[in-house]
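A structural walkthrough
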Amino acid sequence: MSGLLTDGIESIKGIGAARREQLSKLGITTVEELLCYMPRTYRDLTDLRTVEGMEVSVPWFGVLTIITAPKVQYIRRNFSMIRVKAGDHTGSIYLCWYNQPYMAGNIQEGESYYIYGKPEYYRGEIRINTPMVEKLSEGEGARLLPVYRSTKGLSQGVLRKLLKSTFKKYGDQLRLMAPEDFVQKYQLMPLEQAYYSAHFPADQEERDRSVSTISFYEILLLKAFMTRNKESQRERSIPLRMGEEAERRFLDNLSFVPTGAQSRAMADIRRGIAGEASYQALLQGDVGSGKTVVAFYALYAAALSGVQGALLAPTEILCRQHYENAKAFFSPLGIRVGLLTSGMKKAERDQLLKEVRSGEIQILIGTHAMIQKDVEFSELALAVADEQHRFGVRQRAVLQQKGVSPHFIVMSATPIPRTLALIIYGDLDVIVMDELPGGRRPVRTHLVPPHKEKGLLEFIRKEAAAGNRTYYVCPLIEEGEGESEATSVKEAYERLSHQLPDLRIGYLHGRMRQKEKESAMDDFAQGRLDVLVSTTVIEVGVDVKEATCMVIDGADRFGLAQLHQLRGRVGRGDRQSYCFLLNRGREENQRLVDFCSTNDGFEIARMDLENRGPGALLGQWQHGRSDLFFMNFAIDGRILDRVMSAYEEVFVSRQYGDAFAYRLLARAKEKYQSLLDQVILN
C-alpha cells in the first residue's frame, strides 16, 4: 500500500482549515480514516411513509414539502425556535428546531425533502422536533441512503460528496491482493469495492455482503497484529515457582474447597509464571466466580520467590476490600501487604513508599495511585489488574515498566465470548472461569413496571425484617444532570426515606469524600443500614453477603453487561437473592425481558454484543468512535469463528503461501501500530 492513505485529509481537494477541523472532531485526520468512516445506519428509500401513517413516538421516514417559510423566532434571550408547516398529499404536521438558526437557510418554502424523526403530540398539533433533513437529490439512483454520525456545520450531503470524490482518487489504494481460493472459500468481495459499497450500496444484499467482507478483514488483521505483538513483547522475566508443600499451605488457609474452574485457572497460572518468558493472561469469569482467590494464588507465588507482587483495583472501595481480605489471608503466612490510595496522608504515604522500595512490602494493593512516577518497587515480578475493562493498554504498560518485564494478569468480571476475547486480547492468554462456588443460589430477576412499585417497597421492608439488606441503584447523583425522567440518588433517598420511615436508609456516590464513602459502605456492611441508595460506584467487587436485594431504578438506561455487574453484588452468600429492574421507559423493553431470563454472563455478553456492538466490550480500544473501523459482528454471528479458521490457515499452516501472510501482516501493522502507540502514550 502506498503512503497516500496515510496522508492528512487536507490533501483532499475541497478540504480547508474549517472542514479539516470539523472532520477531526469525528476522529477523521487521514485519507484512510475518511474512506473507512462507515455509516451508522441507512434509510430505505423504497419504504417511505406518509403523514397519514404516522404514529406518535414511533420513528418516521418520508418525503414532506415545506408549506410555510422558515423564520427564526426568539422565545426568550438566547433561545430561538424555527417552526414550519410541512406535509404531503395525506396531511400536514410541524417541524421544529431549537437554537439552530442556521436551519432557516437550509430549507426553502415549496421544496420537498426527506425527513426523519419521531412525531410527538404537543398542544393539539403533531410535531417532529429536530428532524433529519435531506435534499431529494441526495437519494437519486439509490435505494439505501447512508446516514453518518456528524458534527455542527458538516451535513450528510457534504460528507457523501467528500466520500465520492475521495474514492475516485484514492479508492484503489484500499485494494488487498488475496488468493482466489481464499476469496471464494470465505465469500469475500474485493476490499476496495466492499468499502465503496458499504457507503453507497445498491441494495440491502450488497450492503450486507460489503459489511461482512470489511468486518472479516478488519478482525483478521487485528488478530494477526495482536498475536504478533504478543510474541514480540515476551521478554525475559523472573520465574515464579511454588512447591507442593507451599501450595498445600495456601489451600489449607482457604475456608473452602476451590471450584474446578478455580483449580484449572491456578494450574494454568502456575505453569505460565514458572517460565522465564513474561506471562500475560486475561482471567475472565462471571461475577462471583472467585477470581480474587486465583489472583491471591499468583501473588503468593511471587512472595515465596522473594520478589514483589502488585494488585491494581479501579476504585478505592474495591481496593480497600481487597486489602482487608489480603491482609487477613496473608498475615498467617508471614507475608506483608501494603495499601496505597490517593487519599493517604503524606507521612503515611512516604513511609509506605519507603517500605515498597526496600522490599519490606511484599504485596502492594492500590488504585491508580500505584502507577504514579514516585512509586518504585524493589523487584516487581507480578502485577494483577482487577477489572480489565477499566484499565487500558496504557495503564498496563506503565505498571509493567515499574518492574523488569513482570508477569501480568488482568481480571475481568465482564465476560465476553471466548472467540472475541482471543481476537481482541490477542496479546494475552485467555483463561475462562465458567463455574460458580457451590451453595450459591441463582439470583431471581424481575422486571417491575412503575405501577407495581408499591409492592416492591413492601418486599424491601420484608427483607429488612428478615435481616437482609437492599441496594437501590440510580443512574444520576442529582436531578438535572441528565434527562428529566432519570432518577437521581438524592431524589430516591428522599423519597424512600418518606415511603419507608421504619427502615434505616443511607446513600453513596462518587462525589462524596473518601471517609464519607467508607462510612456509608461500612454502615451497610455491618448492618447499621437496611437500604443503601447508590450510583454504580458499587458495581465492582463490593461483597456484602447479607445483601439479598438489588433494585435498579431506570434499568433501561444501563447496558446489559453493567446490569449483570450490579446484579452480581447480591447472591454472594447462601440466601436467596433478588434483582428488580424498574423500567421507567414508556414501552416494554425486550432487552430487559431477555436479561431477566438468564444469569449466564457469557450469554448476556453475547446479547450485549448484538444490541450495542463491540464498542461496549472493547474498553480502551474504543475512544468514542470505532477505532476498529467497522467491526459490526451482529451482521453475521459466525464471523468470529470464520476469522479464527482463516487465521490458522493463513498464519499457522501457511495454506495460502508466505507472500499473502506477509502482505496481511504488513497491512495489520500499518493499520494498528499507530493506534496502539496512541493508546499507550495518551
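Residues numbered from 1 in each chain as written. Predicted model: local features only at pLDDT ≥ 70, side-chain atom pairs only at ≥ 80, totals over all residues. Heavy atoms only, no water.

The next subject is the overall build of the protein. A tally of helices and strands in the protein yields 21 helices and 23 strands. For the protein, contacts bridging at least 24 residues in sequence account for 73% of all contacts bridging at least 6. As displayed, the protein offers around 30,600 Å² of accessible surface, 46% of which is attributable to carbon and sulfur atoms. (Helix = DSSP H or I, 4+ residues; strand = E, 2+ residues; numbered from the N terminus. Contact = heavy atoms within 4.5 Å. Areas by Shrake-Rupley, 256 points an atom, 1.4 Å probe, with all protein chains shown as cover.)

Moving on to the nonpolar core. Proteins that are soluble and globular tend to have nonpolar side chains buried together. By size, the foremost hydrophobic cluster in this structure holds 58 residues, and its most contacted members are Phe 182, Phe 216, Leu 220 and Phe 651. When residues of this core are traced back to their parent elements, those giving at least two are α2 (31-35), α3 (156-170), α4 (180-185), α5 (191-199), α6 (204-233), α20 (639-652) and α21 (658-681). Looking at this core element by element, the count peaks at 10 residues for α6. Discounting residues that sit within four places of it in the chain, Phe 216 has contacts with Phe 182, Tyr 186, Leu 188, Ile 639, Arg 642, Val 643 and Ala 646. Among the nonpolar cores identified, the runner-up in size contains 45 residues, and Met 266, Leu 283, Val 293 and Met 411 belong to it. (Core = buried A, V, L, I, M, F, W, Y, C linked by side-chain atoms within 4.5 Å. Buried < 20%, exposed > 50% of the residue type's maximum accessible area, 1.4 Å probe, protein only.)

Bringing the sheet that holds strand β12 (residues 308-312) into the picture now. Read across the open sheet, the 7 strands follow the order β13-β14-β12-β15-β16-β11-β17; overall the sheet is parallel. Where the open sheet ends on each side, the last strands, each with one partner, are β13 (337-340) and β17 (429-433). Neighbour-to-neighbour, the strand axes of the sheet open up by a mean angle of 20°, direction not taken into account. Across the sheet, helix α8 (residues 260-273) lies against β11 (280-285), β16 (407-412) and β17, angled at about 160° from β17, the strand it touches most. Sitting on the sheet, helix α10 (residues 316-330) is in contact with β12, β13 and β14 (363-366), with an inclination near 170° to β13. (Pairing = 2+ DSSP bridges. Axes fitted to C-alpha atoms, helices over the stretch in contact; angles between N-to-C directions.)

Scanning the model with the defined rule gives 24 aromatic pairs in all. With a centroid separation of 5.0 Å and 65° between ring planes, the pair formed by Tyr 493 and Tyr 507 is classed as edge-to-face. Taken as a pair, Tyr 493 in helix α15 (residues 489-499) and Tyr 507 in strand β20 (residues 505-508) lie far apart in primary sequence, 14 residues in all. When the ring centre of Tyr 94 is taken as reference, the NZ or CZ atom of Arg 83 above it lies at 4.0 Å. The ring of Tyr 647 carries Lys 223 above its face, with NZ or CZ at 5.2 Å from the centroid. (Phe/Tyr/Trp six-rings, centres within 6.5 Å; stacked < 30°, edge-to-face > 60°. Lys NZ or Arg CZ within 6 Å of the ring centre and 35° of its normal.)

Taken together, the 4 bridges between β20 and strand β21 (residues 531-534) define a ladder with parallel strand orientation. The residue of β21 that forms the bridge with Leu 508 is Ser 534.

Where α3 meets α5, the axes come as close as 11 Å, and the angle between the chain directions of the two elements is 165°. By the angle class used here, α3 and α5 are roughly antiparallel. Relative to α5, the crossing made by α3 is left-handed. Here α3 contributes Leu 163, Lys 164 and Phe 167 to the contact with α5, which in turn contributes Glu 192, Tyr 195, Tyr 196 and His 199. (Parallel < 35°, antiparallel > 145°, perpendicular 65-115°, else oblique. Left-handed = near helix turned anticlockwise from the far one by under 90°.)

Take the environment of Tyr 37 next. Relative to the assigned elements, Tyr 37 resides in the loop between α2 and β1 (41-44). Separated by 10 residues in sequence, Tyr 37 and Gly 27 have C-alpha atoms that sit 9.1 Å apart. Once you skip the residues sitting within four places of it in the chain, Tyr 37 turns out to touch Leu 26, Ile 28, Tyr 148, Arg 149 and His 199. A polar contact of 2.5 Å, which involves the side chain of Tyr 37, links it to the backbone oxygen of Arg 149. (Polar contact = N/O pair within 3.5 Å; in protein donor to acceptor, adjacent residues only side chain to side chain.)

Put simply, the protein has an average pLDDT of 85, and 87% of its residues get 70 or more. With pLDDT under 50 throughout, residues 615-636 is counted as low confidence; its partners more than four residues away or in other chains account for 65 contacts. (pLDDT = per-residue confidence, 0-100.)

Turning our attention to the pairing of strand β5 (residues 91-98). By the bridge criterion, 8 bridges tie strand β4 (residues 79-88) to β5 in an arrangement that is antiparallel. Opposite Gly 87, over in β5, you have Ser 92 as the bridge partner. Hairpin connection between β4 and β5: a loop of 2 residues separates the two successive antiparallel strands.

In a beta sheet, neighbouring strands are held together by backbone hydrogen bonds and run either parallel or antiparallel to one another. Taken in spatial order, the 6 strands line up as β18-β23-β22-β19-β21-β20 in an open sheet, and their pairing is parallel. Because the sheet does not close on itself, it has two edges, and the strands there are β18 (444-448) and β20. Within this sheet the neighbouring strands show an average axis-to-axis angle of 20°, counted without direction. Sheet contacts for helix α16 (residues 514-525): β19 (469-473), β20, β21 and β22 (547-553); angle to β19, the most-contacted strand, approximately 140°.

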